[in-house]
Amino acid sequence: MASKGLIGALATMLAGAALAGEPGKVAVELNKLEAAAGGCRPYLVIENGTEHVFSSLKLDLVMFDTDGIIVERVAVDAAPLPTGKTAVKIFDLKGLACDRIGRMLLNGLTGCSAGDAAPEDCLSLISTRSQATVPFIQ
């Protein structure tokens, strides 16, 4: 029978593998939605699996309600984001209850630069996923 220590170590490794970003991509995960005073608070986990050090990375996010109607658009600055870095970005959606959000869209990027030159197509470096109850699409 495996020891508790070995089982714990395996669970930790598996959890780390599940969170690891795609090599060569910036993984943007909608981790959870949390009710906040007067609205909803999304939590994004951002993992830089690229060789780029981002000094600017601004996400253009659009929220749709459960009927598919656009209800909110926000820009979230994910920089600075060094190579291999995992960061958490939290923002508030005032006046929008979490249970009204049907999905979130990464509509594009309003800014992106890494070092002296911006990657040619920053959007192609981004992948999305969701751990929340709503899909996060691109």
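Described below are features of the structure shown in this document. (Residues numbered from 1 in each chain as written. Predicted model: local features only at pLDDT ≥ 70, side-chain atom pairs only at ≥ 80, totals over all residues. Heavy atoms only, no water.)

1. Examining the overall build of the chain
Spelled out, the test is: Helical segments are the DSSP runs of H or I of at least four residues, strand segments are the runs of E of at least two, and each set is numbered from the N terminus. Two residues form a contact once any of their heavy atoms are found within 4.5 Å. The Shrake-Rupley method, run with a 1.4 Å probe sphere, supplies the accessible areas, and residue values consider only the shown protein chains as cover.
Scanning the chain from N- to C-terminus turns up one helix and nine strands. Put simply, of all contacts in the chain between residues at least 6 apart along the chain, 67% involve residues at least 24 apart. Counting every atom, the chain has about 7500 Å² of accessible surface; 56% of that belongs to carbon and sulfur.

2. Brief notes about the pattern of salt bridges
The criterion, for reference: What counts as a salt bridge is simple: a side-chain nitrogen of Lys or Arg found within 4 Å of a carboxyl oxygen of Asp or Glu. Classification of residues uses two cut-offs on accessible area relative to the type maximum, computed with a 1.4 Å probe and protein chains only: under 20% is buried, over 50% is exposed, and between them is partly exposed.
Summed over the entire model, instances satisfying the criterion amount to seven salt bridges. Its salt-bridge partner being E47, residue R129 comes within 2.8 Å of it at the nearest N-O pair. One end of the pair, R129, is in strand 8 (residues 126-130); the other, E47, is in strand 2 (residues 39-48), and 82 residues separate them in sequence. Residue class for R129 comes out partly exposed when judged on its relative accessible area of 22%. Between D92 and K94 there is a salt bridge whose closest N-O contact spans 3.9 Å.

3. Remarks on the environment of L33
Looking at the element boundaries, L33 is found in strand 1 (residues 26-36). C-alpha separation for the pair L33 and V134, spaced 101 residues apart in sequence, amounts to 8.7 Å. Leaving out residues up to four positions away in the same chain, L33 has contacts with C40, R41, P42, C98, I101, A132 and V134.

4. Examining the packing of aromatic side chains
Working definition: an aromatic ring pair is given by the centre-to-centre distance plus the angle between the planes. Worth spelling out the cut-off: Each aromatic pair joins two rings of Phe, Tyr and Trp (for Trp, the six-membered one) with centres within 6.5 Å, and gets the label stacked for planes under 30 degrees apart, edge-to-face for over 60, and tilted for any other angle. The rule is short: NZ of Lys or CZ of Arg within 6 Å of the ring centre and within 35 degrees of the ring normal puts a charge over the ring.
Overall, the coordinates contain zero aromatic pairs when judged by the stated rule. Above the face of the Y43 ring, K32 is positioned so that its terminal group lies 4.7 Å from the ring centre. Looking at R103, its charged tip hangs above the ring of F64, at a distance of 4.2 Å from the centre.

5. Examining the environment of E29
Following the sequence through the fold, E29 ends up in strand 1. Judged by relative accessible area, E29 falls into the buried class, the value being 0%. Sequence separation of E29 and T128 is 99 residues, and the distance between their C-alpha atoms is 5.7 Å.

6. Comments concerning the state of the cysteines
Spelled out, the test is: By disulfide we mean two sulfur atoms from cysteines, separated by a distance within 2.5 Å.
The full count for this structure, using the stated rule, is two disulfides. A sulfur-sulfur distance of 2.0 Å marks the disulfide that ties C40 to C98. Taking the torsion about the S-S bond as the criterion, the C40 to C98 disulfide, at about 100 degrees, is right-handed. Of this pair, C40 sits in strand 2 while C98 sits in the loop between strand 6 (93-94) and strand 7 (101-114); the two residues are 58 residues apart in sequence, bridging distant segments of the chain. In this structure, C40 and C98 share a single accessibility class: buried. For the chain, the disulfide bridges join cysteines in the arrangement 1-2, 3-4, where the cysteines are counted in sequence order.

7. Details of the nonpolar core
The criterion, for reference: Take the buried residues of types Ala, Val, Leu, Ile, Met, Phe, Trp, Tyr and Cys, join any two whose side-chain atoms come within 4.5 Å, and each joined set is a nonpolar core.
In terms of nonpolar packing, the biggest core is built from 32 residues, with L44, L57, L59 and L61 touching the most fellow members. Elements represented by at least two residues in this core include exactly strand 1, strand 2, strand 3 (54-65), strand 4 (70-77) and strand 7. Other than its neighbours up to four places away in sequence, L44 contacts V28, E29, L30, L59, L61, V76, A87, V88, K89 and F91.

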